[in-house]
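Single-letter residue listing:
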Amino acid sequence: MLTPVEKIIFILAAIASVGFTFHGFKTIIDSIRKGRPAPELKNIPGSLLKAGIAVLFQQTIFKARKLLSAIHMGLFFGLITYAFVNLTDALEGLIPGFDLVYGGKHLPYENVPTGLINTFNLIADVMSGFLLIAITVFFVRRFITKDKALTFRDNVLLNPKVKAGGQNRDSLVVDVFVVMHVGARLMSQAFRLTEGADPFMPIASFLNGIFGASEVGVHVAWWISLGWVMFIIPYLSRSKHTHFFMSPVNLGLAKQNPRGQLDPAVPLKMIEGTRFDPGAKHVHDLAWTRVLDAYACVQCNRCQDVCPANFYQRPLSPSALEVNKRYLLKEATFGGHPEKLELPLTETVISPEAVWSCTTCYACVRVCPVGNEPMADIVDIRRRMLVDGYEIDSGVQNALQSLATNGNWMSKGKRLRGKWAKEMEFPVKDATAEPVDHLWFVGDTASFDERVIPITKMVARIFNAAGLDFGILYKEESNAGNDVRRVGEEGLFEQLVEQNMAAFGKSQFQRIVTTDPHSFNTLKNEYPQFGSEWEVKHYTVTLLRLIEEGKLTIKNKLSNYKVTFHDPCYLGRYNGGFTAPRKLLELCGVEFVEMPRNCENSFCCGAGGGQIWMGKVAPGERPAENRIKEALTTFGEGAGDKTQLFIVTCPKDMIMYSDAVKTTGNEGKIEVRDIVQLIAEAVGVEEPKVAEPVAA
Amino acid sequence: MNIVVAIKHIPSIADDLPVSGKNVDFDSVDFVLNEWDEHSIEQAVLIKEAVGGTVTVVGVDLIGELDNVLHLALAKGADKVVKITADDPAADSHMQAKWLAEAIKGMGANMVFAGVQASNDLDGQIGPMIAAYLDMPYIGGVSSVEANGDSATVNKEFAGGAGAKYSVSMPFVAGVQAAPKPPRYAPVSKVRQMAQTATIETVSPSGDASAGLAFKNMAPPVATGHAEMIEGSSKEVAAKIVELLKSKGLA
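All values reported here derive from a predicted model rather than from experimental measurement.

1. Points about the overall build of chain A
Then, in step 1: Helices and strands together make up the secondary structure of chain A, namely 30 helices and nine strands.
Then, in step 2: For the C-alpha atoms alone, the extent of chain A along its principal axes is close to 100 × 65 × 45 Å.
Then, in step 3: Split into buried and exposed, the 696 residues of chain A put 58% on the buried side.
Then, in step 4: Side-chain charges of chain A comprise 75 positive and 74 negative groups, with the mean position of each set lying 1 Å from the other.

Here it is as C-alpha cells:
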C-alpha cells in the first residue's frame, strides 16, 4: 500500500521509535537495579506466569471499584487486540496487496483462512468501539466530572510537577492517543471498503457509509494511526503509563513472604564492600522491587481510598508516595538531575508527618492491583529516621523507652505483668516454673490496662472451665515487638525477641495462644526467623476448637443480641483469621450483620503501627469513630428490643472503640464487647462474685 | 569545652515499691537512671554539638548494673563514661556526692551538671555538695545553658513561672531542671553497639564518705481517704457539688 518513499520514512521512524523506547526502558531498568537487594524471590518464572494470568483476566483490579474495573478490562482487552491490529496494519502498509477487508479475499495468496480473518476483523472492529467508549469514560471521569478519588489532599507532599498537573497531562496524552489512533485505524479500514459494507466490520462499514472509500484517505488514516503508535511507545516509558509494561512484571515480582513478615532493615543478601545502614533515607536505599513499584503505579489512588490515615485527614497518601518516587527518579534520569537522588525521601517523596501517620494496616498493599508495597517503604523510612536521631513524637519515645527498660510500653514494672493472674479465684500456672500445654502470650494491653483486664480474666476463666492446660510467663513476658518493629525500632524489636525467646527457652509448652492479634502476627510470622518453632494460635481459634471438641458447651443462645464484627488488621487482613470469630458468633446464636467493610477490606481502628502511642492527637473524625458510625448504619433501625453489640477480638480495639462510642455520643445505642464476653455468657461462665466459684 | 555529667541510678517506681526493714527492698526493685539526669545529659550533648568539646558521664554503680545506663549515655552522644564501683544500693546522696566529687576532681571540668534532684532522696543535694567539695559555684533549677568562652549564660527557673538569666564564670556546677529540648531517643541498635565496643573506666570510691541521715523507719503510705466519683447528668452533678460544698460549710 505504501509508496517506496513512505516505506523508507516509516522504517526510519520505526527505528527511531524503537531506539527511544529501548533507551527509555534501559534507563528505567538501570535505575531499578540501583535499589538494594530484595528478599529472595522463589520460582520467578512461575510467579511471572501467575501474574501474567492474573493480568490477562484482570483479577487483581476487581478488589475495588467494580464498574471502573470492568471498563479498565475493556480498555485492556482493546489494547491487547490493538497490539495485533498494529502488526497487521504495518503489514498492510509494507506488503503490496496485503489487505484483510472482506475476509482477505483480495489477498494474493491461495488458501486464505477467511474464517480466521473475519473473526479477527470482527474482534478488532468491536474492540475499537470498546476502546473508544472506555477511554471516553476515563476522560470524562478525570476532566469533566473531576472524580475526587483522582486528587490528593492539600496537605500531602507532592512533587512540584505532579502539583502542576503532570499526571493529568500524561492522561490527556494517552486519551488523545487512543481516540486518534483508534479513530484513525477505523477510518483507514472504512476507506478500504471499496465494495460497500463488510458484515464483519460493523463500525468501519458504518463509517464507510458516511465517508465512502478513498485511496488518499487510507494513506492519511494509516499514517495517523501508526504514527501515533511510534510516538506513544517511547513516550510511555517516560510517563505514568510505564504501568502498561511494568505492572505485570511488578505483580510477578511482588512480595512472596507472609504479609505479616516485614522485610529486614538491612538486606540479608550481603554485597561485598557495601555497608548498608538500616532502612531508607534515599530512594535507592529501598529494595529494587520497591523502586520498581513506582513504575508499575498508574496512580489510580485505590490505596488512598482505603487508607485510614488519609481518611483521618493526615498528610499521608500511599499513592502520592509512589507518584513522587517516579517523578524523583524521572527527574534524576530523563531530567538529567542525578543530584536529586541525594535528597532525603522525607523531602521528596513523603513528609515526616505522613511517615508517622501510617497505622501499618496493610490495606494499601492489599488493595493495590499491581502488587505495590508503599507501607514497606514507610517502615523503612521510619527505621532510618530513628537511627539518624530524628526527633520523634514524645508519646512514641516514652513508649519505646519504657519498652527498652520495662519490656512494656505502659511504664509498668515487669513484676506487675502477672498481677491480674494472682487475683484470680484459681491458680494460673507460671509456664517458666511448670510445664503447660498452651503458653498464653497475654500482651501489654491485656496485662496492664484496667479497662481490658476484666476481659483477660474472663479468657482465663473460659480456658480454665474448658480444662485447658495453660500458663503464662508472668514477669518474663516482654512485649512481642510487632508494633515496635513497625515504628522502625529494629534494634529494640530484636532485643524484645531475644527476651521472649529466652523466656520461651526457660519454659515447657507445646503451643502458643495469644489474645492480641499484633503479638500473634509477629510470633507467627517473624519469630520463626529468630528460632521460634511453636505453633501460634489466636484465642478465637482456640475457643472454637474447645467448643467443637465439646470441652465447652453452649448452654444459652444469645438471640437477644444483634451484633456486628470488626476484623482486626493483624488477625484478618494480615493472617486470614476471618472464619473463627464468625463461627463463634454463629454458635452463640446472636443475630449477625456484616458491615460493608469486612474481612480483607476491614477498616483499621487507627491504633496500629505505633499510632496508639502518639502523644499528639490530630483533629478530625478518627477512623474508629467512622467505624462505629458504619456499624450503626449497618444495624439500621430494626434492632427492636435487641441490644446492639460491636464485637472485637483485640485488646487495642476494645480501647479504641469504647472510646469512639463515647466520643461519637452513641452510648446506649451500641456497646463494644470482646467476643470472649459473649462466649462466657453462652457457656455460662460468670465472674465469681455473682456465680458459684469456678472449680479450679 | 569539657563537660562532666554526674548521674544517679535509682530504684524504679514502675513497680510497687517493696519495703524491707528500714529501707527499700533493693533485691526486689529494678534500678533506672534518674529522670533529671536524662535532661543533664541532653543539655551537655547539646552544648557539645553547639560549641564542641567532650562530655564525660560519671555515676556510682550501686548494684553492678550501671553499665546499661552508661551505654545509653554513650549512644546519646557522651564521649567518655566512668563508673564508681560502690556496690552499696543504700548509699545516699551525701555519700554519692563525695565519691562523685573525688572522681570529677582530676577531670578538669569547665562545667559539671547534675540532675536538680532525684526521686529517691528528693533532697536536691548532690549538685550543691559536689560544688562544695570542688569549690565551685552552684546554680540550681537550670532550664538551659549556653557556653560562650569562659562563661555561660544560664537560665534558672523560679516558682510561679518566673525565670532569670545569669552569666556564670567557669568552672561551675549546675543542677539541671530541664534541657531546652526533650532528651533524645537512643536507638537500641546504637546502645547495643556501644555495649559491644565502648570501654567504661572504673574507679573505686574514694574519700571519707558518710551518710548525712539515718533511717528511723520506712513504710508505704497508708490510704486515708479516697476520691468519690459523682455520677449523673451535668445538672445532677452540679447539684451534688453544691450540696457537698454547703455541707462542708464552704458555700
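2. As for the interface of chain A and chain B
Then, in step 1: Contacts between chain A and chain B engage 21 residues on the former and 20 residues on the latter.
Then, in step 2: Summing the contributions of chain A and of chain B, the shared interface buries around 1500 Å²; its carbon and sulfur component is 46%.
Then, in step 3: At the junction of chain A and chain B, the tally comes to three salt bridges.
Then, in step 4: Counting across the chain A and chain B interface gives six residue pairs in polar contact (both at pLDDT 80 or more).
Then, in step 5: Secondary-structure elements contributing two or more residues to the side of chain A that touches chain B are helix 18 (374–387), helix 19 (394–406) and helix 24 (490–506) of chain A.
Then, in step 6: Its residues assigned to classes, the side of chain A that touches chain B comprises seven nonpolar, seven polar and seven charged.

3. Points about the sheet that holds strand 5 (residues 535–538) of chain A
Residues and elements named next belong to chain A.
Then, in step 1: Overall, parallel pairing links the five strands, which are arranged 1-3-2-4-5 in an open sheet. Strands with a single pairing partner mark the edges of an open sheet, and in this sheet they are strand 1 (429–430) and strand 5.
Then, in step 2: The pairing of strand 2 (residues 438–441) with strand 4 (residues 511–514) spans four bridges and is parallel. Bridge assignment links Leu 439 to a residue of strand 4, and that residue is Ile 512.
Then, in step 3: Sheet contacts for helix 22 (residues 453–465): strand 2, strand 3 (470–472) and strand 4; angle to strand 2, the most-contacted strand, approximately 170 degrees.
Then, in step 4: Against the sheet, helix 26 (residues 539–548) makes contact with strand 2, strand 4 and strand 5, and its axis sits at roughly 85 degrees relative to strand 5, the strand it touches most.

4. What about the pairing of strand 6 (residues 561–565) of chain A?
Residues and elements named next belong to chain A.
Then, in step 1: Burial analysis of strand 6 places five of its five residues in the buried class, the great majority of the element.
Then, in step 2: Of the two faces of strand 6, the one carrying Tyr 561, Val 563 and Phe 565 and the one carrying Lys 562 and Thr 564 are both buried.
Then, in step 3: By the bridge criterion, two bridges tie strand 6 to strand 7 (residues 591–592) in an arrangement that is parallel. Of the residues in strand 7, the one forming a bridge with Val 563 is Phe 592.
Then, in step 4: Remark: the strand 6/helix 27 (residues 579–588)/strand 7 crossover connection has right-handed handedness.

5. Concerning the packing of helix 28 (residues 623–635) of chain A against helix 29 (residues 651–663) of chain A
Residues and elements named next belong to chain A.
Then, in step 1: Their axes nearest at 8 Å, the elements helix 28 and helix 29 cross at an angle of 75 degrees. Taken as axis vectors, helix 28 and helix 29 run roughly perpendicular relative to one another. Residues Ala 624, Glu 625, Arg 627 and Ile 628 of helix 28 form the contact with helix 29, whose own contacting residues are Met 656, Tyr 657, Ala 660, Val 661 and Thr 663.
Then, in step 2: Residue composition of the contact of helix 28 with helix 29, grouped by class: six nonpolar, one polar and two charged.

6. A closer look at the side chain of A:Arg192
Residues and elements named next belong to chain A.
Then, in step 1: By secondary structure assignment, the location of Arg 192 is in helix 7 (residues 166–192).
Then, in step 2: The exposure class assigned to Arg 192 is buried, which follows from its relative accessible area of 9%.
Then, in step 3: Among residues more than four places away in sequence, those in contact with Arg 192 are Met 1, Glu 92, Phe 98, Asp 99, Val 101 and Val 218.

7. Description of the domain arrangement of chain A
Then, in step 1: Domain annotation for chain A reports domain 1 (4–25 + 64–152 + 159–245), domain 2 (283–387), domain 3 (407–548) and domain 4 (561–690).
Then, in step 2: With centres defined by C-alpha atoms, the gap from domain 1 of chain A to domain 3 of chain A works out at 61 Å.

8. Brief notes about the packing of helix 3 (residues 66–94) of chain A against helix 9 (residues 215–236) of chain A
All names here are of chain A.
Then, in step 1: Helix 9 packs onto helix 3 with a crossing angle of 125 degrees between their chain directions and a minimal axis gap of 11 Å. With respect to each other, helix 3 and helix 9 are oriented oblique. Between helix 3 and helix 9 lies a crossing of left-handed hand. Where helix 3 approaches helix 9, its residues Asn 86, Asp 89, Ala 90 and Gly 93 are matched on the opposing element by Trp 222, Ser 225, Leu 226 and Val 229.

9. Comments concerning the environment of A:Tyr109
Residue and element names in this part refer to chain A.
Then, in step 1: Mapped onto the fold, Tyr 109 is located in the loop between helix 4 (101–104) and helix 5 (114–144).
Then, in step 2: Overall, the relative accessible area of 43% leaves Tyr 109 in the partly exposed class.
Then, in step 3: Separated by twelve residues in sequence, Tyr 109 and Gly 97 have C-alpha atoms that sit 9.6 Å apart.
Then, in step 4: Residues in contact with Tyr 109, not counting those within four places in the same chain, are Ile 95 and Phe 98.

10. Topic: the sheet that holds strand 8 (residues 643–648) of chain A
Residue and element names in this part refer to chain A.
Then, in step 1: On the basis of which strands lie adjacent, the open sheet formed by four strands has the order 7-6-8-9 and parallel pairing. The sheet terminates laterally at strand 7 and strand 9 (671–674), the two strands that pair on one side only.
Then, in step 2: Contacts from helix 27 reach strand 6, strand 7 and strand 8 within the one sheet, and its direction differs from that of strand 6 by about 175 degrees.

Rules behind the numbers
Residues numbered from 1 in each chain as written. Chains lettered and ligands numbered in written order. Predicted model: local features only at pLDDT ≥ 70, side-chain atom pairs only at ≥ 80, totals over all residues. Heavy atoms only, no water. Helix = DSSP H or I, 4+ residues; strand = E, 2+ residues; numbered from the N terminus. Buried < 20%, exposed > 50% of the residue type's maximum accessible area, 1.4 Å probe, protein only. Lys, Arg positive; Asp, Glu negative; His and termini not counted. Charge placed at Lys NZ, Arg CZ, Asp CG, Glu CD. Contact = heavy atoms within 4.5 Å. Buried area = accessible area lost by both parts, 1.4 Å probe. Salt bridge = Lys/Arg side-chain N within 4 Å of Asp/Glu carboxyl O. Polar contact = N/O pair within 3.5 Å; in protein donor to acceptor, adjacent residues only side chain to side chain. Nonpolar A, V, L, I, M, F, W, Y, C, P; charged D, E, K, R; others polar. Pairing = 2+ DSSP bridges. Axes fitted to C-alpha atoms, helices over the stretch in contact; angles between N-to-C directions. Right-handed = clockwise from strand over helix to strand, strands pointing away. Parallel < 35°, antiparallel > 145°, perpendicular 65-115°, else oblique. Domains from an automatic or database assignment. Left-handed = near helix turned anticlockwise from the far one by under 90°.

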